[in-house]
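Spelled out, the chains give:
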Amino acid sequence: MKSITITAKVKLYPTSEQMIILNKTLSVIRDVLNFVSAFVFGQEGIRYLELNHALYYPVRQQFGLRSQMTQSVFKTVLATLKSSVRKKPVT
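Analysis parameters
Residues numbered from 1 in each chain as written. Predicted model: local features only at pLDDT ≥ 70, side-chain atom pairs only at ≥ 80, totals over all residues. Heavy atoms only, no water. Helix = DSSP H or I, 4+ residues; strand = E, 2+ residues; numbered from the N terminus. Rg over C-alpha atoms; globule rule 2.2 N^0.38 Å. Buried < 20%, exposed > 50% of the residue type's maximum accessible area, 1.4 Å probe, protein only. Expected span 1.5 Å × (residues − 1). Bend = angle between axes of the 7 residues up to and from the residue. Core = buried A, V, L, I, M, F, W, Y, C linked by side-chain atoms within 4.5 Å. Contact = heavy atoms within 4.5 Å. Polar contact = N/O pair within 3.5 Å; in protein donor to acceptor, adjacent residues only side chain to side chain. Phe/Tyr/Trp six-rings, centres within 6.5 Å; stacked < 30°, edge-to-face > 60°.

Engineer: Looking at this model, I keep getting lost on the overall build of the protein. Mind explaining?
Structural biologist: When helices and strands are counted, the protein shows three helices and zero strands. The globule rule puts the C-alpha radius of gyration for 91 residues at 12 Å, and the 16 Å found for the protein is more than 25% above it. Along the three orthogonal principal directions, the C-alpha set of the protein runs to about 50 × 40 × 30 Å. By residue count, 19% of the 91 residues in the protein fall in the buried class.

Structure (structure tokens):
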């Protein structure tokens, strides 16, 4: 059986308590992005699987991130790194 994914855009109207939680979550994500970026910086050609093996458990334990968010951070850092490498001027 084939599965179909449906994506919907929704607008959230968080309460002030929910906004506090959301801001804390975003702060942790920013810290994790910086942590992973520092690890990746200078390691040319690092691949997702290598990054996952090296940092998956340390990130989950140190920052308390769930699995899906951890994986998302890895993919985001690698995609950003890849796009910044392509944009380097040729000298």
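Once you've had a look at it, read on.
Engineer: Looking at this structure, how should I read helix H2 (residues 48-63)?
Structural biologist: Think of an α-helix as 3.6 residues a turn; residues three or four steps apart then line up on the same face. Taking 1.5 Å per residue, 16 residues should reach 22 Å; H2 reaches only 19 Å between its end C-alpha atoms and comes up short. Bending of H2 peaks at approximately 50° at the position of Leu-55, with proline Pro-58 no more than four residues after it. Within H2, the full set of buried residues consists of Leu-51, Asn-52, Leu-55, Tyr-56 and Val-59. Residue Gly-64 follows H2 closely and has a positive phi angle near 70°.

Engineer: Sorry, what's going on with the nonpolar core here?
Structural biologist: Of all hydrophobic cores here, the largest spans 14 residues; its most connected members are Val-36, Leu-51, Val-59, Val-73 and Phe-74. Residue assignment for this core shows that the elements contributing at least two residues are helix H1 (16-40), H2 and helix H3 (67-86). The residues touching Val-73, leaving out its near neighbours within four places in the chain, are Ile-29, Val-32, Leu-33, Val-36 and Leu-65.

Engineer: Explanation requested: the side chain of Thr-70 in the structure shown.
Structural biologist: Relative to the helices and strands, Thr-70 is located in helix H3. According to the relative accessible area criterion, Thr-70 is buried, its value standing at 0%. At a separation of 2.9 Å, a polar atom in the side chain of Thr-70 contacts the main-chain carbonyl oxygen of Arg-66. Setting aside chain neighbours within four positions, we find Thr-70 in contact with Tyr-56, Val-59, Arg-60 and Leu-65.

Engineer: Even after reading the chapter, I still don't get the packing of aromatic side chains, so can you show me in this structure?
Structural biologist: For any pair of aromatic rings, the description consists of the separation of the ring centres together with the inter-plane angle of the planes. A full pass over the atoms with the stated rule returns two aromatic pairs. Where Phe-35 meets Phe-63, the ring centres are 5.4 Å apart and the plane angle is 65°; that geometry is what we call edge-to-face. Residue Phe-35 is located in helix H1, and its partner Phe-63 is located in helix H2; the two are separated by 28 residues in the primary sequence. Phe-35 sits in the partly exposed class, given a relative accessible area of 28%. Arranged with centres 4.9 Å apart and planes meeting at 85°, the rings of Tyr-56 and Tyr-57 form a pair that is edge-to-face. What makes Tyr-57 exposed here is its relative accessible area of 56%.

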